[in-house]
Amino acid sequence: MSNYDTLNPMQQEAVFHTEGPVLILAGAGSGKTRVLTHRTAYLIEEKGVNPYHIMAITFTNKAAGEMRERIDDMVGFGSESVWVSTFHSTCVRILRRYIDRLGYDNNFTIYDGDDQKTLMKDICRRLQIDTKLYREKSFLSAISHAKDELISPEEFALNAAGDYAQKKQAQVYTEYQKMLRKNNALDFDDLIFKTVELFRADPEVLDYYQERFRYIMVDEYQDTNTAQFQLVKTLASKYRNLCVVGDDDQSIYKFRGANIYNILNFEQEFPDARVIKLEQNYRSTKNILNAANGVISNNVGRKAKALWTDNEEGDKVNFQQFDTGYDEADYIANDIAKKVRDGEYNYGDCAILYRTNAQSRLFEERFVVSNIPYKVVGGVNFYARREIKDLLCYLKTIDNARDDLAVRRIINVPKRGIGATTLARVQTYANENEISFYNALKMAEDISTLGRSAVKIKPFVTLIQTMRSKAPYLGVSALLEELLEETGYVKELEAEGEEEAKARVENIDELISKAVAYEEKCQSEGTEPTLSGFLEEVALVADVDSLESGSDYVVLMTLHSAKGLEFPNVYLAGLEDGVFPSYMTIVADDPTEIEEERRLCYVGITRAMERLTITSARMRMVRGETQYNRVSRFVQEIPQELLGRAPEKVRLAEAVKARTFEQAREAFHSKVSYASTPVEFVSAATENHSLPYQVGDRVRHLKFGDGTVTNITAGGRDFEVTVDFDAFGTKKMFAIFAKLKKI
DNA sequence: CGCGAGGATATTTTT
DNA sequence: TATCCTCGCG
């Protein structure tokens with residue numbers, strides 16, 4: 001097996017060191033997935049470990065899927081018994097089997113963010129909380145953080161003693177959990193929390209899984225929160241073969257509860273831990289990597305490491321500043337179109353990364369005009385769209401009508417003339433008799449307060465009952481189609497005829513194909529496709545998961561979603577103070593928040609393999625207001641000599657600042673005063689930077705080879721360079737595009 | 001009860 | 001800007 005010879009010595013060590021705790025500090029692009037897959041193969045092939053005893057945990061389904069594929073390729077026989085899964089699906093699998101031991105039903109439903117919000121609104125209304133004073137969101141985030149830290153409602157209440165706001169939160173938290181249990185539902189955080197609780201409460205179950213998972217590997221370890229750490233630690237405490245892989249410089253999920261001390265203090269937790277550093281980067285050019293290093297070196301309190309690469313130097317980082325976001329989108333669209341036309345890259349090689357989802361819009365609009373195929377990742381999750389959620393709630397209701405939330409959502413969709421008053425009356429009846437909302441609906445005729453409305457409820461109940469009896473033999477996709485037929489959901493949309501309605505119908509079609517795909521998957525695995533199975537699969541998918549390799553479109557996504565991915569040609573857009581780093585972190589008291597933004601920037605830069613373009617706009621519309629922003633501080637942190645063009649902060653930026661300082665400041669805090677004179681911005685593209693070659697110089701072009709520069713003129717945006725190529729004759733080109741190198 | 005108008009509000013990131 | 005919520009009318 002010379003398989004392992006292709007690994008570098010550090011990687012080999014990580015692969016061969018199989019026993020006991022191991023911490024692998026894997027820099028960006030250092031081949032950590034490769035290490036993990038080889039390690040799995042090594043365990044099985046060389047150490048004779050039964051694949052059944054190996055577990056690999058990741059954060060996204062996509063990462064899990066990739067790892068699964070690569071392990072299957074390497075290992076062959078028996079690879080399917082390796083447990084490769086995300087934290088959340090792992091917990092769901094465990095809880096589906098054993099959560100009854102905690103007093104839940106094994107066919108619990110999973111609440112997403114929207115469901116949580118609905119539930120919270122309900123609770124606030126019932127507890128008569130002024131949501132102007134205390135927002136639903138703040139409760140939810142307090143609860144989420146508590147769960148991340150494994151703090152129960154009781155403990156929370158104990159800690160809150162004295163503080164009024166916290167006492168309120170404790171009260172809400174308690175009520176929230178009560179409601180979840182009543183609806184037989186778990187939220188995302190509960191999945192982890194309850195699994196840990198289960199292990200603590202039931203030694204028998206714990207032992208079963210400890211025996212099963214004798215070798216545990218955790219990917220993206222820097223993103224684990226306290227609950228996840230506890231989970232992994234508990235599982236590993238018997239055999240102690242815990243291998244975690246992470247990079248503290250890529251920790252970007254603190255807001256979601258990630259505890260960076262999980263990685264920083266790993267060695268304290270496991271004093272006998274073997275620490276291995278992977279510092280060779282195989283992904284990026286020297287220039288890109290050095291730019292990334294330049295930025296991240298401004299952070300304090302990181303694990304010492306020096307990422308390096310043997311790759312070639314590559315092009316400089318292309319920095320461009322524009323007047324507006326439109327110009328920025330324009331430039332990037334043109335640049336991509338040009339690179340594709342020249343055969344340099346395919347659309348699929350290009351990615352645009354930005355800080356906030358809202359920034360995608362300008363690019364989308366521009367791409368539609370230019371006919372550039374693209375795909376936006378993130379934003380509104382497919383399964384969170386209204387029509388999809390409606391249908392899923394129907395399925396949930398058919399599957400398990402214990403979830404009041406789902407029932408209430410769809411009872412009047414499409415319109416059945418059932419309004420708030422009726423709902424309230426049914427709810428009261430349900431509460432009084434301690435039955436679920438749906439069961440109360442079934443008894444509508446007995447609810448005296450309802451009067452004539454009871455008649456409207458009956459068809460709904462009949463519909464659900466009929467579908468429920470059909471579900472077992474119809475299968476998920478057929479059930480969906482019948483449901484659409486019966487409810488007239490699609491017909492109603494089609495009647496609208498609006499563009500938006502059309503998109504919704506398309507989404508519904510996509511949902512049906514996903515159901516079909518699910519059934520096919522079950523068939524190939526030899527498992528029984530069930531409604532619950534489908535709902536579960538659907539509950540845990542993120543949008544990144546849908547990225548297919550091999551399809552040819554430009555990918556647009558947030559920097560957060562981009563982690564773990566790589567692209568030959570990357571654009572980092574909106575590098576402006578106030579956008580990235582975000583305004584919130586600039587004004588925050590806590591200096592570590594800026595550091596997290598910086599890590600995010602590091603992640604962004606290191607996504608690029610060959611080409612990196614960084615752009616910023618001087619003014620930008622942010623939710624209807626014009627903001628004037630400086631070039632991001634992160635751009636200044638990139639060593640000057642690595643930038644193809646210096647950020648011309650001196651002349652133009654100062655000029656603009658001088659003239660508009662008052663306005664700019666105003667704009668930052670309130671509305672722009674429209675009465676004031678509009679600022680004229682001068683395009684600075686032609687200013688103040690010299691090309692590394694002159695007329696008469698010999699230059700080299702990526703595609704056209706060597707030639708002589710015969711003319712340089714200042715064009716609208718950039719220098720226009722005329723070159724007489726030895727093999728291709730005379731060509732005129734823009735300097736930024738041409739990437740000519742002096743020879 | 002349903003619908004539309006108008007106002008308030010938010011945007012940082014997500015499994 | 002885009003969405004969400006409330007309110008008032010038919």
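Residues numbered from 1 in each chain as written. Chains lettered and ligands numbered in written order. Predicted model: local features only at pLDDT ≥ 70, side-chain atom pairs only at ≥ 80, totals over all residues. Heavy atoms only, no water.

Asker: Is there a simple way to think about the overall build of chain A in this case?
Answerer: For chain A, the helix and strand inventory stands at 31 helices and 22 strands. Per-residue burial over chain A gives 54% buried out of 743 residues. Across chain A, the fraction of contacts at a sequence separation of at least 24, relative to all contacts at a separation of at least 6, is 74%. Accessible surface computed for chain A: about 33400 Å², of which carbon and sulfur atoms make up 50%. (Helix = DSSP H or I, 4+ residues; strand = E, 2+ residues; numbered from the N terminus. Buried < 20%, exposed > 50% of the residue type's maximum accessible area, 1.4 Å probe, protein only. Contact = heavy atoms within 4.5 Å. Areas by Shrake-Rupley, 256 points an atom, 1.4 Å probe, with all protein chains shown as cover.)

Asker: Would you mind showing me how to read a negative patch on the surface here?
Answerer: A contiguous patch of negative charge, built from Glu 481, Glu 494, Glu 506 and Asp 509, is present on the exposed surface. Along the polypeptide, Asp 509 turns up in helix 24 (residues 499-525). When its relative accessible area of 45% is taken as the criterion, Asp 509 is described as partly exposed. (Patch = residues over 30% accessible without salt bridge, like charges linked within 9 Å, V, L, I, M, F, W, Y side chains within 5 Å. Salt bridge = Lys/Arg side-chain N within 4 Å of Asp/Glu carboxyl O. Lys, Arg positive; Asp, Glu negative; His and termini not counted. Charge placed at Lys NZ, Arg CZ, Asp CG, Glu CD.)

Asker: Explain the pairing of strand 6 (residues 215-218) here, please?
Answerer: With burial as the criterion, each face of strand 6 is covered, one bearing Tyr 215 and Met 217 and the other bearing Ile 216 and Val 218. Both strand 2 (residues 54-58) and strand 6 contribute to a ladder of four bridges, which runs parallel. Pairing of Ile 54 across the sheet is with Tyr 215, part of strand 6. Examined bridge by bridge, strand 6 and strand 7 (residues 242-246) share three bridges and lie parallel to one another. Pairing of Met 217 across the sheet is with Cys 243, part of strand 7. As for the winding sense of the linkage, the β-α-β connection from strand 6 through helix 11 (residues 226-236) to strand 7 is right-handed. (Pairing = 2+ DSSP bridges. Right-handed = clockwise from strand over helix to strand, strands pointing away.)

Asker: It is not clear to me how the protein's contact with DNA strand C should be interpreted in this structure. Could you clarify?
Answerer: Contacts to DNA strand C come from Lys 121, Arg 361, Arg 623 and Gly 624. In the model, a phosphate oxygen of DNA strand C is placed 2.4 Å from a nitrogen or oxygen of the Lys 121 side chain. Of the residues assigned to the surface near DNA strand C, the class counts are no nonpolar, one polar and three charged. (Near = heavy atom within 4 Å. Polar contact = N/O pair within 3.5 Å; in protein donor to acceptor, adjacent residues only side chain to side chain. Nonpolar A, V, L, I, M, F, W, Y, C, P; charged D, E, K, R; others polar.)

Asker: Just checking my understanding: could you explain the protein's contact with DNA strand B for this structure?
Answerer: The immediate surroundings of DNA strand B are formed by 29 residues, with Lys 137, Arg 355, Lys 415, Thr 421 and Met 584 found nearest. Arg 135 is positioned such that a nitrogen or oxygen atom in its side chain is 3.0 Å from a phosphate oxygen of DNA strand B. Contact between DNA strand B and Thr 422: a phosphate oxygen at 2.6 Å from a side-chain N or O atom of the residue. Contributions of two or more residues to the surface near DNA strand B are made by helix 19 (420-433) and helix 26 (559-562). Here the surface near DNA strand B gets three residues from one element, more than from any other, and that element is helix 19. Among the residues making up the surface near DNA strand B, the classes are represented as nine nonpolar, 12 polar and eight charged.

Asker: Hey, could you run me through the layout of surface pockets in this one?
Answerer: Vacant regions in the atomic arrangement are exposed by a probe of water-molecule size rolled over the atoms. Within this model, the second largest pocket holds a volume of roughly 1200 Å³. Considering the residues around the second largest pocket, the lining is formed by 36 residues, among which Thr 356, Gly 578, Val 579, Ser 582 and Val 622 are closest to the centre. Contributing elements (two or more residues each) for the lining of the second largest pocket: helix 15 (325-341), helix 16 (360-370), helix 27 (583-587), helix 28 (592-605), strand 16 (608-622), strand 17 (625-628) and helix 30 (649-669). Residue composition of the lining of the second largest pocket, grouped by class: 13 nonpolar, 14 polar and nine charged. (1 Å grid on protein atoms, 1.4 Å probe; cavity = no way out; pocket = protein on both sides within 12 Å on 5 of 7 lines; lining within 4 Å. Points joined across faces, edges and corners; volume = space filled by probe spheres on them.)

Asker: How should the packing of helix 5 (residues 113-126) against helix 6 (residues 136-148) be read in this particular structure?
Answerer: Between two packed helices, what matters for the description is the angle formed by their axes and the separation of those axes. Orientation of helix 5 relative to helix 6, taken along the N-to-C sense of each, is 115°, at an axis distance of 10 Å. For the element pair helix 5 / helix 6, the angle class is roughly perpendicular. Read as a crossing pair, helix 5 and helix 6 show a hand that is right-handed. Every residue of helix 6 that contacts helix 5 at Gln 116, Lys 117, Met 120, Lys 121 and Cys 124 is listed here: Glu 136, Phe 139, Leu 140 and Ile 143. For the contact of helix 5 with helix 6, the class distribution of residues is five nonpolar, one polar and three charged. (Axes fitted to C-alpha atoms, helices over the stretch in contact; angles between N-to-C directions. Parallel < 35°, antiparallel > 145°, perpendicular 65-115°, else oblique. Left-handed = near helix turned anticlockwise from the far one by under 90°.)

Asker: Just checking my understanding: could you explain the environment of Asp 219 for this structure?
Answerer: With respect to the helices and strands, Asp 219 occurs in the loop between strand 6 and helix 11. Taking the C-alpha atoms as reference points, Asp 219 and Met 584, separated by 365 residues in sequence, lie 29 Å from one another. What Asp 219 contacts, discounting residues up to four positions off in sequence, is Lys 32, Leu 36, Ile 57, Thr 58, Phe 59, Met 67 and Val 245.

Asker: Help me understand the packing of aromatic side chains in this model?
Answerer: Given two aromatic rings, one states the distance between the centres and the angle between the planes to describe the pair. Scanning all chains against the criterion turns up 18 aromatic pairs. Ring plane angle 20° and centroid distance 5.9 Å describe the contact between Tyr 209 and Phe 213, whose orientation is recorded as stacked. For Phe 213, a relative accessible area of 1% gives the class buried. Through a chain of ring-to-ring contacts, three or more aromatic side chains come together here, namely Trp 83, Tyr 98, Phe 199, Tyr 208, Tyr 209 and Phe 213. (Phe/Tyr/Trp six-rings, centres within 6.5 Å; stacked < 30°, edge-to-face > 60°.)

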